[in-house]
Amino acid sequence: MTDLTTLETDLMAQIAASADEAALEAVRVAALGKKGSISALLATLGQMAPEERKTAGAAINQVKDRVTEALTTRRDVLKAAALDARLAAETIDVTLPVRESPTETGRIHPISQVMDELTAIFADMGFAIAEGPDIETDDYNFTRLNFPEGHPAREMHDTFFFNPKADGERLLLRTHTSPVQVRTMLSKKPPIRVICPGRTYRCDSDQTHTPMFHQVEGLVIDKGSHIGHLKWILEEFCKAFFEVDSVKMRFRPSFFPFTEPSMEVDIQCNRQGGEVRFGEGEDWLEILGCGMVHPNVIRNCGLDPDIYQGFAWGMGIDRIAMLKYGINDLRQFFEADVRWLSHYGFRPLDLPTLAGGLSS
Ligand code: DAH
């Protein structure tokens, strides 16, 4: 009997000392499991004489009941403690303001915004987007665009050249997006209607020039394309881009090697009050160069100028972005100042569409 008392005291101590439910379960198995200490005692009853079995059986079963009850009580205590600990560890302050997601705080750069706006406008007129590499050959950047060797127009471009290769060829950073015209005519069959937005480079830097800047080129090649189409496209573009109902435009004769005739285009604006407004006023502002693609260029790109003709234009994206959004120093575009971007940038999910509004 003293053995039984010792066993009970021992088990009760182990139960009290169990720090978590797993430890408690181990104690239960060691006492009441198939090979447990109490189960072993119960198994000895079979060999006892009937009288002895009566008293011993009752005593062992009482111990078993008390141990079972102690296990249940301890399990409840441990469960409650575990829950309390979890609640304490996982407190959430529901009064904290919700943290803004990146789609709320991030901003689209005005240049990207303007490229999206251009794309929306020209895509609506049926233009596709064409792209070319920033590193170009002299052939595509100049020669095929009808810049003769040694022509002063080459010098005007302040070109960044790479060191000559072993065969003497000098690659360059493209000085305009016009080489994409060449690439497009060489790879696509007319009718061609593309715009080519992208980065361009010239060795120049001041308030209105940066060594890297952006242009968008437009090119239409077909059998009957003429200047009337060009004027209509540019006018529709300006109205849509500057979000005005009407805009006056002025086409001035100019010179580019790759167009004949060539023109520069000014748009009507009002500069009064230190701010430029479009669609009104007596002032003019130059926004792009354009013309009918020179027959030499069409020929240099593998097409017959007696069959195909077309027009092209080139426009500074940074410049029209500055005009539209009242940004006065070009260099700010490239300073990567987040304060500037949070002021001039656009919300990422407000994609420009003609139907939904370009910039609102
Ligand atoms: N490539 C010219 C430049 O960078 C811009 C230009 C003018 C492009 C007239 C054209 C064009 O396609 O027709 O100054």
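Note: the structure precedes this text.
First, a word on scope: everything that follows refers to the structure included in this document.

What follows concerns the pairing of strand β7 (residues 259-270). In terms of burial, β7 is largely enclosed, as 10 of its 12 residues are buried. Relative to β7, strand β6 (residues 249-256) runs antiparallel, the two being bridged by seven bridges. Each residue of the ladder has a partner; that of Arg250, found in β7, is Asp266. Connecting the antiparallel pair β6 and β7 is a turn made up of two residues. As paired elements, β7 and strand β8 (residues 277-278) share two bridges and run antiparallel to each other. Following the sheet pairing, Cys269 is matched in β8 by Phe278. What sits between the antiparallel neighbours β7 and β8 is a turn of six residues, in which Gly273 has the positive phi angle 85 degrees.

Let's shift gears to the site of the ligand. Neighbouring the ligand are 15 residues, the closest being His176, Ser178, Arg202, Gln215 and Glu217. Within the contact set of the ligand, a nitrogen atom lies 2.9 Å away from a side-chain nitrogen or oxygen of His176. Between an oxygen atom of the ligand and a main-chain N or O atom of Ala312, the distance comes to 3.1 Å. Across the complex, the protein chains shield 91% of the 350 Å² of accessible surface that the ligand would expose by itself.

Position of Thr184 relative to the elements: it lies in helix α9 (residues 179-187). One polar contact links the side chain of Thr184 to the main-chain carbonyl oxygen of Val180, over a distance of 2.6 Å.

This part covers the pairing of strand β9 (residues 283-293). Walk down a regular strand and you will see the side chains alternate between the two sheet faces. In terms of burial, β9 is largely enclosed, as eight of its 11 residues are buried. Note: β7 against β9, nine bridges, orientation antiparallel. Considered in β9, the bridge of Gln268 is made with Trp284. Note: β9 against strand β10 (residues 309-316), five bridges, orientation antiparallel. Bridge assignment links Leu288 to a residue of β10, and that residue is Met315.

Let us look at the nonpolar core. Counting residues in hydrophobic clusters, the biggest one holds 46 residues, and the most contacted among them are Leu118, Phe122, Phe237 and Trp313. At the level of secondary structure, the elements contributing two or more residues to this core comprise α6 (110-124), β5 (212-222), α10 (227-242), β7, β9, β10 and α12 (317-325). Element by element, the count of residues in this core is highest for α10, at seven residues. Residues Phe147, Ala153, Val297 and Ala312 belong to the second largest nonpolar core, which totals 23 residues.

Procedures and definitions
Residues numbered from 1 in each chain as written. Predicted model: local features only at pLDDT ≥ 70, side-chain atom pairs only at ≥ 80, totals over all residues. Heavy atoms only, no water. Buried < 20%, exposed > 50% of the residue type's maximum accessible area, 1.4 Å probe, protein only. Helix = DSSP H or I, 4+ residues; strand = E, 2+ residues; numbered from the N terminus. Pairing = 2+ DSSP bridges. Near = heavy atom within 4 Å. Polar contact = N/O pair within 3.5 Å; in protein donor to acceptor, adjacent residues only side chain to side chain. Areas by Shrake-Rupley, 256 points an atom, 1.4 Å probe, with all protein chains shown as cover. Core = buried A, V, L, I, M, F, W, Y, C linked by side-chain atoms within 4.5 Å.

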